Amino acid sequence: MRKIQAGLRWLFLRLEGLFDAAFGDRVNPLYHLGSLTFYLFWVVAASGLYLYAFFETGVDAAHDSVEAITHGQWFAGGILRSLHRYASDALVVTMLLHLLRHFAFERFNGYRWFSWVTGVVLVWGVYASGINGYMLPWDRLAQFTIVTSFEWLEWLPTLQGTLMRNFIYSTSVGDRFFSLLSFLHIGLPLVVLLLMWVHVQRVPRARTTPPKPIAIGVVAALLLLSLALPVLSQGGAADLSTAVAQVRLDWFYLALLPWMAQGAHAQVWALTVLATGLMVALPWLLRPAGGKQAEHRMVVLDAGGASAQVTVRAGETLLDAGLREGLALPYECRNGACGLCLCTVEQGAVDHRPAQQAALSDAMKAQGQALMCCATAREDLCIQVERAVEGAQPLGSHRGRVLQMERLAPDVMRLWLDVEGGPVPFAAGQYINIVLPDGGRRAFSFANPPHRNDRLELHVRLVPGGRFTTHVFEQMRPGDLVDFEGPLGQFQLKDGERPLLFVAGATGFAPVKSIVEEAFHQGLKRPMHLYWGVRRPQDLYLLEQALQWQAGHPGFQVIPVVSEPQPGDHWSGRTGLVHEALLADFPDLGAHEVYVCGSVRMVDTAVQAFLSRGLDEQACFSDAFAPAVQPA
């Protein structure tokens, strides 16, 4: 079963990739199979209501009324009869593909078992409604359908010929029985509609209408098919005195009828019961490894600084969990293709379900990014998105003018920006997104403290191949304009009494500088130690200022750590990895509060090491950054 699922996933991902190329990920019909099925149901219902208005339910008048609809008003009734048939067939296709895709991607575990089981019941409800519909035109196809179906039902021991006696003679089928068949064709779809409503109750914000281009395109295609290949009655009116010798079947609904007609009633019953039982049992037969999964807590941070906490149920995607709690999370396809639900996992770990590489590459995963629609929680976690929390304000857009540029180190430039419209209020430790001309974003932390925000201080480190950083070092001049968004981020000093340990890697010093200077301004008395790790001594670009802090504030100490000193550097200070230097001085972190800022690799390594030395997870705060490099 697992191999079948893996093969189907491979096939779906390839097909969806081809459809993305043809239609785009926003209007790829394979990402909207569920809502497309709902939509086709309404097309079938609307066309069926029109046909029913002109349909005569008497057994003697049924066939003639259908012919009158088909040929007497071909411009409406005839086209709608064909539309009714082809939309019903399309509904079966989208329904079965929807079921198959959920099976392939294992979207039937955990809380989704309810939707899966009701979906299995819906499959048989749709088939019962469709097969019943083929009985009503009372042509030779209707005769074959009704006799063969009722013979199959007659195999059940409880019926014992009570059904088939209605079809022994041509006069056996009366108006009352035919009215019952007609009534079923109204009652069964109503039951299906009720089940469809029940089916989506556990899917947060389940969409029941596809995007407008898909809806228009599907109806247009069905109308063209109806005009090109109109649906007609077969062989004249039904005649129970003669057997049906030849008939053209609708294989979407009536594929098993030839098998039934050969007398394989027991085999068809066995296939139906076993297939249904297997599908219903799948959520329990294919449980995830590790037994019962637990619920996890998820903190959602948005770009405006607001936050919310939600519970992620076993097997639930991060997107479904957030939508269930009413968060305004961005999303579109819900199938791992459009990339709108991209988030950054700040803390914790997730499992990634299969998705299109264009939406989430392996490199993006390595940088801590995930698609909320395809990620499930492995533990308690914290994620950051552009906007999620109800009431959060949109990102502020600003424009700054470069006042001054100062090279602090061979690869570090300090920028001073004057913001048009006045100072930008922010919290120490937050950052801004520089907006590039093509819409790209580059994040840089505030290096100045909030109480001195008449101009903004940024520390820009040159990244080989980096578009913005290369522009800063080679082309930017005082007077240039810079667009940015912000403030953003939650890397801020928390209230408490614990001693503070700061770990900065390279230009991770910038937000720490803002926090420390603001703490001095507010008169904070908590002991503070800053461990600043760089590769070479010359990378300690503002060490003199940090030593001045140390001289002026008895509770503060700076410990520079160089990882790759060279003989010509004449470095006599601490060497090695910065987090190891901290652990050598503080082997037990149970009573401390730690703030870590630097590259993703440094932060991940340091945080894991700190937690293993007793650091409380609630007292560990980090801000990781990864350089965005445009390939040549």
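Provided above is the structure to which this section pertains.
Here the residue numbering is sequential within each chain, running from 1 through the sequence in written order. Confidence filtering applies because this is a predicted model: local features only for residues at pLDDT of at least 70, side-chain atom pairs given and counted only at 80 or more, and all residues used for totals across whole chains, interfaces and linings. Side-chain calculation: all heavy atoms of the structure are included, whereas hydrogens and water are not.

Novice: Go over the overall build of the protein with me, naming the residues and quoting the values.
Specialist: In DSSP terms, a helix is any run of H or I states spanning at least four residues, a strand is any run of E spanning at least two, and both are numbered starting from the N terminus. What the protein contains, in helices and strands, is 17 helices and 19 strands. In this treatment the radius of gyration is a C-alpha quantity, and the globule benchmark scales as 2.2 Å times the residue count to the 0.38 power. Relative to its length of 632 residues, the protein is extended, with a C-alpha radius of gyration of 34 Å against a globular reference of 26 Å. Overall size of the protein, expressed as C-alpha extent along the three principal axes, is 110 × 50 × 40 Å. Burial here depends on accessible area, computed with a 1.4 Å probe over protein chains only, as a share of the maximum for the residue type. Under 20% is buried, over 50% is exposed, and the range in between is partly exposed. In the protein, which comprises 632 residues, the proportion classed as buried is 50%. Should any heavy atoms of two residues lie within 4.5 Å, those residues are considered in contact. At a minimum sequence separation of 6, the contacts of the protein that also span at least 24 residues come to 73%. For the protein, the exposed surface amounts to about 29,900 Å²; the carbon and sulfur share of it is 59%. Values of accessible area rely on a 1.4 Å probe in the Shrake-Rupley scheme; residue burial ignores everything except the protein chains shown.

Novice: Any chance you could break down helix H5 (residues 113-133) for me, citing the residues and the numbers?
Specialist: Here the expected span of a helix is defined as 1.5 Å times the quantity of residues minus one. Here H5 is 21 residues long and its end C-alpha atoms lie 30 Å apart, about the 30 Å a rise of 1.5 Å per residue gives. Counting buried residues in H5 gives 15 out of 21 residues, a clear majority hidden from the surface.

Novice: Explain the environment of Gly339 to me, and be specific about the residues and the numbers.
Specialist: When you line up the elements, Gly339 lands in the loop between helix H11 (318-324) and strand E3 (342-347). For Gly339, a relative accessible area of 22% puts it in the partly exposed group. In the structure, Gly339 is positioned 16 residues away from Ala355 in sequence and 9.6 Å away in space, judged by C-alpha atoms.

Novice: Break down the nonpolar core for me, with residues and values.
Specialist: Residues belong to one nonpolar core when they are buried, are Ala, Val, Leu, Ile, Met, Phe, Trp, Tyr or Cys, and are joined through side-chain atoms within 4.5 Å. Trp138, Ile146 and Phe150 are the most contacted members of the largest nonpolar core, which has 72 residues in total. With ten residues, the top contributor of residues to this core is helix H4 (residues 74-104). Those residues in contact with Ile146 that sit more than four places away from it in its chain are Met135, Trp138, Phe167, Phe177 and Leu181.

Novice: Break down the packing of aromatic side chains for me, citing the residues and quoting the values.
Specialist: Pairing of aromatic rings covers Phe, Tyr and Trp, the last through its six-membered ring, and needs centres within 6.5 Å; plane angles under 30 degrees mean stacked, over 60 mean edge-to-face, and all others mean tilted. Taken as a whole, this structure holds 29 aromatic pairs when the rule is applied. Ring centres of Phe41 and Trp42 lie 5.5 Å apart, and the angle between their planes is 80°; on these two criteria the pair is classed as edge-to-face. Ring geometry for Trp113 versus Phe114: centroids 5.9 Å apart, planes at 85°, classification edge-to-face. An aromatic cluster is defined as three or more aromatic residues linked by ring pairs; in this entry it consists of Phe509, Phe520, Trp532, Tyr541, Trp549 and Phe556. Between Arg101 and the ring centre of Phe105, over which it is positioned, the NZ or CZ distance is 4.2 Å. Think of it as a cone above the ring: NZ of Lys or CZ of Arg counts as a charge over the ring if it is within 6 Å of the ring centre and within 35 degrees of the ring normal. A cation over a ring is seen here: Lys494 above Phe621, with NZ or CZ 4.5 Å from the ring centre.

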